[in-house]
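# Examining the three-dimensional arrangement
Take a look at the letters that make up each chain.
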Number of protein chains: 2
Amino acid sequence: MKIFVRFFPLLLVFCILGCSSVDTPAHILHSPAKFTTIEFALDEHGVPVYTVFFKGDTIIRPSQMQFEFKDQPAMRGNMKVVDGSIERVEDNWEMPWGEKRYVENIYNEMVLDLMERQSPRRSFSIHFRAYDDGVAFRYQFNDQRLVDSVIILEERTDFNLKGDHTVWWIPGDWDIYEHLYSTTLFSEIDATTKRDHPNLAATFIPYNAVNTPVTMKTENGLYLSFHEANLTDYAGMTLAVDTSGMAMHSLLVGSDRLGYKVKRALPFYTPWRTIQISKTAAGLIESDLIVNLNEPSKVDDISWFVPKKYMGIWWEMHLDISSWDLASGRHGATTDNAMNFIDFASANNITGLLVEGWNTGWERWIGFDDREGVFDFITPYPDYDLSRVVAYGKDKGVELIMHHETSAAPRTYDQQIDTAFALMQSLGIHSVKTGYVGKIIPKGEYHHGQWMVNHYRRVLDKGLQYNIAINAHEPIKATGLRRTYPNAISREGLRGQEFNAWASDGGNPPEHLPIVVFTRMLAGPIDFTPGVFDISLKQKPDNKVNTTIAHQLALYVVINSPIQMACDLVENYEGHPAFQFIRDVGVTWDDTRVLGGEVGDYVIIARQERETGAWFVGGITDEEERSVRVHFDFLPVSRSYNAVIYRDGDEAHYRDNPTDYTIENTVVDSQSERDFVMRPGGGFAISLNPVSK
Amino acid sequence: MKIFVRFFPLLLVFCILGCSSVDTPAHILHSPAKFTTIEFALDEHGVPVYTVFFKGDTIIRPSQMQFEFKDQPAMRGNMKVVDGSIERVEDNWEMPWGEKRYVENIYNEMVLDLMERQSPRRSFSIHFRAYDDGVAFRYQFNDQRLVDSVIILEERTDFNLKGDHTVWWIPGDWDIYEHLYSTTLFSEIDATTKRDHPNLAATFIPYNAVNTPVTMKTENGLYLSFHEANLTDYAGMTLAVDTSGMAMHSLLVGSDRLGYKVKRALPFYTPWRTIQISKTAAGLIESDLIVNLNEPSKVDDISWFVPKKYMGIWWEMHLDISSWDLASGRHGATTDNAMNFIDFASANNITGLLVEGWNTGWERWIGFDDREGVFDFITPYPDYDLSRVVAYGKDKGVELIMHHETSAAPRTYDQQIDTAFALMQSLGIHSVKTGYVGKIIPKGEYHHGQWMVNHYRRVLDKGLQYNIAINAHEPIKATGLRRTYPNAISREGLRGQEFNAWASDGGNPPEHLPIVVFTRMLAGPIDFTPGVFDISLKQKPDNKVNTTIAHQLALYVVINSPIQMACDLVENYEGHPAFQFIRDVGVTWDDTRVLGGEVGDYVIIARQERETGAWFVGGITDEEERSVRVHFDFLPVSRSYNAVIYRDGDEAHYRDNPTDYTIENTVVDSQSERDFVMRPGGGFAISLNPVSK
């Protein structure tokens with residue numbers, strides 16, 4: 001397929017009558033197939049107001065756009081449109097890895113240049129993009145006379161909803177996204193009740209706001225998801241909730257230390273504010289809106305990173321079998337342990353190994369205030385022979401995934417990063433899992449503020465310099481930057497598998513992933529670390545995983561990430577024929593089809609592996625049993641496929657019979673259809689390999 | 001469990017009246033529980049005659065025992081009983097590996113000393129053993145005045161049957177056992193029609209006779225199997241068939257070269273002639289009669305051999321992908337190929353690798369008359385680095401299984417064997433697959449004659465000297481010698497898997513193994529080389545395997561052998577979750593229970609693995625679909641087991657859907673029962689691991 005970009009100038013349409021309730025002529029932007037429409041106007045006070053429609057229905061009621069600054073008056077109105085343009089773009093770009101190979105980027109864009117009618121006559125522009133599956137807009141702050149930078153105290157972009165939608169939300173925490181999703185009516189959102197979760201090392205929820213992506217279902221059955229794209233040198237946006245007015249507005253993450261939210265030199269763009277709109281929940285996942293709103297890749301050659309499955313010295317620590325630190329007397333990251341993992345990984349088509357707790361300093365992290373300078377990221381504990389493990393792995397085709405826990409002391413990491421990445425480069429290690437556990441040092445900064453956004457970006461830039469891919473935990477949220485920085489391979493930024501090992505609230509409920517795929521996963525790849533087979537966690541009698549084994553398998557397809565962990569202990573995989581699925585499943589895809597789903601209920605995804613032409617299907621359900629019919633019409637019509645089906649046993653149940661599964665080996669083609677029963681907390685996974693001719 | 005042997009002298013009973021139809025007082029021997037009875041008498045001509053009863057029913061009508069000699073008159077009667085004794089033996093011995101750990105050996109033995117009433121007044125003795133599951137007897141030739149050896153032209157032991165039983169038989173071939181079993185009435189046995197099978201490199205069927213074990217079912221539903229035990233320095237026995245008289249008699253394999261059948265120095269014992277008797281087909285398999293009739297182990301320490309699963313450079317040759325010889329241009333036994341197999345084996349709990357065609361000489365074997373001195377068993381082909389492969393395997397926990405194809409030139413092998421075994425010993429190789437393909441050199445000898453029996457025995461003795469275990473192909477049949485020579489680990493001696501790859505008669509039918517387990521397997525361990533997953537044999541469009549994959553898996557439990565091959569190509573295992581069963585299944589057992597079966601129809605066997613306490617169950621059927629119920633009451637009552645069930649898919653069929661299988665993961669205990677549908681040519685396999693507490 002040829003990659004092409006085409007630009008078509010379009011006529012800018014002024015709507016004179018009946019378009020909306022605002023008082024000046026409206027500027028109308030339709031998406032290419034006219035599914036979505038954005039209407040822009042200025043209200044009677046000259047305040048910019050936008051409205052969004054989907055196939056004729058109002059999605060966003062007229063909503064204002066305003067900014068508050070330090071040292072200069074707020075921009076709250078009195079504006080005029082001084083110029084405008086519309087163009088049509090048809091673009092087609094290639095992902096180095098990911099959920100599909102070629103991405104179509106087709107939209108109409110309207111740029112409106114605005115200026116205050118009176119002094120100080122500041123100007124700015126708004127870029128609107130209308131896609132058939134959503135809309136986006138961003139602000140462009142142009143050079144201002146006598147001012148070379150601005151300090152933003154708040155961006156006030158309103159999102160006035162059309163009704164009391166059902167919302168899947170996490171609180172607008174400035175430090176962490178690792179909350180369980182709540183499902184409530186919009187009018188019932190109460191984010192501040194989520195404060196002080198006992199299992200979060202850092203959490204700050206100042207307002208009744210939500211983090212994005214936040215997904216909603218309207219009374220008419222439409223699906224909406226609000227987020228931002230290309231979060232660059234700006235504060236992360238939460239959405240404050242007005243539960244009586246059915247309205248949201250942007251509320252940027254701040255810095256108590258600096259007293260503002262964003263400081264930028266002029267000119268600059270804000271991130272895109274995005275609204276995905278779909279008639280089906282599946283459509284949200286199939287949309288490429290977020291990545292499309294980012295810039296093309298900064299690098300031509302990313303071949304030094306290879307998508308992979310990996311294992312790790314990690315889950316055993318969450319199970320309290322071993323520990324990160326040496327002083328505990330049960331240090332997990334030993335040379336022998338790593339070599340044992342390498343042996344098993346190498347034997348099982350798994351080409352990566354994460355080793356946590358390998359470097360000195362773990363005696364002084366969580367619980368200590370002064371964490372600057374503790375980790376140096378280059379000095380192994382004496383029982384861990386880093387170069388020997390690297391060499392042993394290389395010999396067996398298993399590459400180490402480096403681990404850099406910053407303990408939320410980013411200035412230390414900034415100081416050490418060249419040394420640390422140079423060591424990795426010298427060892428031929430091409431990826432790192434970074435961690436930012438705890439409250440940010442310096443005090444007053446938050447994980448999601450501009451200062452940290454810029455830190456996370458510096459790490460990506462350093463990664464490109466040293467050929468290192470980044471898998472950040474406790475990260476800033478994904479906003480599609482993986483298009484620009486393909487080394488942003490995956491990240492955490494959600495409540496992961498490890499909560500099942502120790503959370504005092506009963507662990508992740510069965511609905512967790514059926515919500516996550518329609519919320520967090522819209523932002524980008526997730527390092528969720530699936531694959532627990534010892535569901536009952538024999539080492540942790542008070543904890544368990546609330547899914548079946550078949551559900552765990554399905555996650556390798558359902559979750560999009562070019563790195564996927566097989567997180568359980570070697571001993572828990574041995575003897576399990578179901579482990580064959582983990583051996584076989586791909587991690588990067590030519591194509592993705594969402595075969596069905598409802599937010600928080602279930603999802604079924606089919607993905608075609610690159611190179612091999614194999615297809616894989618994953619289906620998961622929440623706590624309800626569901627019977628679903630899969631049509632294999634996504635397969636090419638001309639050939640038969642060996643299908644290995646991994647499904648819940650007839651009596652499987654996440655609560656008391658989670659390891660009951662059934663595997664079937666059969667043949668299907670594009671004419672086949674088949675019913676699958678997903679038991680409570682269950683699912684199914686299928687591998688499909690072309691029958692050799 | 002303590003090993004013990006107890007001997008109890010018993011009263012010798014003379015039956016005066018009504019015991020049988022013979023004319024002299026009969027000597028009666030009952031088995032310990034009086035299930036079997038042997039009656040011995042001399043008929044009116046002084047000919048020894050025995051009769052066998054099972055729970056009151058006649059099994060063997062009065063049958064004569066006679067010998068013909070060279071250079072001295074036949075012993076055809078005119079005998080008298082000069083002495084006799086009976087004793088009770090309770091013995092308990094331990095198998096180093098095998099179908100169970102401790103073997104009970106409980107029987108009553110009667111020894112009768114006979115002498116001719118007239119000159120030359122030769123004496124001999126008959127030893128009768130009555131077990132509850134069968135009877136056996138052997139002849140003892142004592143020192144004779146003025147004669148230090150005898151030349152036997154024929155042993156004429158009759159087995160006069162009680163009716164026209166259903167018989168599962170192969171022809172009494174003097175060179176090979178690799179015939180398909182026929183199922184006929186006794187009166188319909190026509191072994192000579194089996195002559196000149198196009199797929200046998202050597203075959204000689206001089207008479208209408210059958211090879212043993214030969215198994216029968218009587219009109220009353222009793223199961224009989226005739227065989228011999230401890231075949232030492234004697235010719236193999238076929239059983240000639242009198243289809244009108246419903247009678248069989250021993251017919252020894254001869255030597256055209258020497259003109260006799262057996263030559264022995266005095267004194268000596270013949271092999272045991274054995275008749276297993278059971279009310280169920282299952283009982284035949286559970287019987288230890290054959291091994292019990294052999295002497296205790298010649299060695300105390302056999303720890304140098306470890307039971308193992310193995311792979312091999314072997315099946316690819318039968319599929320014509322590669323060849324044994326270098327001149328073909330597609331030599332299979334290359335260093336790289338061996339190392340690839342080692343990689344896969346090592347990764348999959350398989351600890352042995354057979355490499356055929358590794359040594360020079362394969363350009364001159366089948367089809368050449370002069371095969372003496374061709375193979376030297378020490379010189380590798382130039383593209384095979386033997387010591388490198390050995391070292392690579394050792395590093396990965398995979399030991400080579402040496403291959404010595406003698407091409408039926410045993411004198412060459414006798415000359416080379418010390419050098420060959422010394423090389424193996426120096427390399428740390430502890431087992432060899434020997435082969436005897438073709439007509440025996442020198443001409444006039446047959447595989448099953450005394451001369452070859454003694455050759456095969458010398459190889460076993462050499463094996464003990466060099467710590468080498470023997471897996472003979474084209475062997476002499478097993479007669480329980482593995483008790484005495486534990487290094488006789490397994491053997492071929494039946495129509496194996498390879499016939500499926502090229503036999504012009506359609507391959508082994510689905511009933512093949514359901515017959516073999518009740519016939520050939522009663523003799524001892526079988527190297528059948530199960531595990532074909534590419535059932536349709538894509539490289540051989542005219543051939544296929546006539547079973548399902550589930551049937552292939554079940555064979556690892558059904559077939560008894562301390563070595564079991566996973567015979568298929570690596571590429572055919574990849575991606576198959578069913579391969580987990582091969583990874584997991586044991587090869588040596590604490591206990592064996594035959595849960596059900598009918599000869600030629602189906603069989604279900606449960607075996608408990610040594611050390612681990614895991615149980616495995618295998619069930620196979622013939623071309624008929626069968627539903628069977630398994631009661632898990634063989635499990636200990638106190639614990640639960642994780643059960644992984646590998647069964648035919650609902651639509652599986654050996655003919656057109658053989659790879660359709662289903663795997664279930666569940667939990668069972670001793671109270672559980674479950675129905676299994678075995679589809680045509682199908683089966684099921686179960687692994688059962690104790691749930692960790």
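My aim in this report is to walk through the structure given alongside it, one point at a time. Bear in mind that the values here come from a model prediction, so they are computed numbers and not experimental data. (Residues numbered from 1 in each chain as written. Chains lettered and ligands numbered in written order. Predicted model: local features only at pLDDT ≥ 70, side-chain atom pairs only at ≥ 80, totals over all residues. Heavy atoms only, no water.)

### Observations regarding the interface of chain A and chain B
The partner chain B presents 20 residues to the 20 residues of chain A that form the contact. Summing both sides of the interface, chain A and chain B together bury roughly 1700 Å²; the carbon and sulfur share of this comes to 46%. At the junction of chain A with chain B, the criterion picks out zero salt bridges. Linking chain A with chain B are five residue pairs in polar contact (both at pLDDT 80 or more), by the criterion used here. Contributions of two or more residues to the side of chain A that touches chain B are made by helix 12 (579-584), strand 33 (641-648) and strand 34 (661-668) of chain A. Looking at which element gives the most residues to the side of chain A that touches chain B, the answer is strand 34 of chain A, with six residues. (Contact = heavy atoms within 4.5 Å. Buried area = accessible area lost by both parts, 1.4 Å probe. Salt bridge = Lys/Arg side-chain N within 4 Å of Asp/Glu carboxyl O. Polar contact = N/O pair within 3.5 Å; in protein donor to acceptor, adjacent residues only side chain to side chain. Helix = DSSP H or I, 4+ residues; strand = E, 2+ residues; numbered from the N terminus.)

### Considering the packing of helix 4 (residues 335-347) of chain A against helix 5 (residues 386-395) of chain A
All names here are of chain A. Between helix 4 and helix 5, the least distance of the axes is 10 Å, while the angle of their chain directions is 10°. By the angle between their axes, helix 4 is roughly parallel relative to helix 5. Contact with helix 4, carried on its side by Thr335, Ala338, Met339, Ile342 and Asp343, involves Arg388, Val389, Tyr392 and Gly393 of helix 5 and no other residues of that element. Taken together, the residues that form the contact of helix 4 with helix 5 break down as five nonpolar, two polar and two charged. (Axes fitted to C-alpha atoms, helices over the stretch in contact; angles between N-to-C directions. Parallel < 35°, antiparallel > 145°, perpendicular 65-115°, else oblique. Nonpolar A, V, L, I, M, F, W, Y, C, P; charged D, E, K, R; others polar.)

### What to know about the relation of the copies chain A and chain B
Structural alignment of chain A on chain B gives an RMSD of 0.1 Å, achieved by rotating through 180° and translating 0.0 Å along the axis. Between the two chains, the operation in question is that of a two-fold axis. The residues that chain A uses at the interface reappear at the interface of chain B in 100% of cases, marking a shared surface. (Least-squares fit on C-alpha atoms with pLDDT ≥ 70 in both.)

### Some remarks on the layout of surface pockets
Roughly 1200 Å³ of internal volume is contained in the second largest pocket. Lining the second largest pocket are 47 residues, and of these A:Glu571, A:Asn572, A:Glu574, A:Gly575 and A:His576 lie nearest its centre. Those elements that provide at least two residues to the lining of the second largest pocket are helix 4, helix 11 (570-573) and helix 12 of chain A together with helix 4 (335-347), helix 12 (579-584), strand 33 (641-648), strand 34 (661-668) and strand 36 (683-690) of chain B. Its residues assigned to classes, the lining of the second largest pocket comprises 15 nonpolar, 19 polar and 13 charged. (1 Å grid on protein atoms, 1.4 Å probe; cavity = no way out; pocket = protein on both sides within 12 Å on 5 of 7 lines; lining within 4 Å. Points joined across faces, edges and corners; volume = space filled by probe spheres on them.)

### Quick notes on the sheet that holds strand 29 (residues 589-598) of chain B
Spatially, twelve strands are ordered 29(A)-30(A)-31(A)-36(A)-33(A)-34(A)-34(B)-33(B)-36(B)-31(B)-30(B)-29(B) in an open sheet, and the strand pairing comes out antiparallel. Both outer strands of the open sheet, strand 29 (589-598) of chain A together with strand 29 of chain B, are each paired with one neighbouring strand and no more. The mean angle between the axes of side-by-side strands here comes to 10°, regardless of whether they run parallel or antiparallel. One ladder, built from five bridges, connects strand 34 of chain A with strand 34 of chain B; its direction is antiparallel. Along strand 34 of chain B, the bridge assignment pairs A:Tyr661 with B:Asn665. Relative to strand 31 (residues 615-621) of chain A, helix 10 (residues 549-558) of chain A is tilted by about 125°, and along the sheet it contacts strand 29, strand 30 (602-609), strand 31, strand 33, strand 34 and strand 36 (683-690) of chain A. Strands strand 29, strand 30 (602-609), strand 31 (615-621), strand 33, strand 34 and strand 36 of chain B of the sheet are contacted by helix 10 (residues 549-558) of chain B, whose axis makes an angle of about 125° with strand 31 of chain B. (Pairing = 2+ DSSP bridges.)

### So, the sheet that holds strand 25 (residues 431-435) of chain A
All names here are of chain A. Strand order in the open sheet formed by seven strands is 27-26-25-24-23-22-28, and the pairing between neighbours is parallel. Looking along the sheet, the strands with just one partner apiece sit at the ends: strand 27 (488-491) and strand 28 (563-565). The average angle at which neighbouring strand axes cross in this sheet is 30°, direction not considered. Across three bridges, the pairing between strand 23 (residues 352-355) and strand 24 (residues 399-405) is parallel. Each bridged residue has a counterpart across the sheet, and for Leu353 the counterpart in strand 24 is Leu400.

Such coordinate-based values are descriptive only and should not be taken to indicate function.
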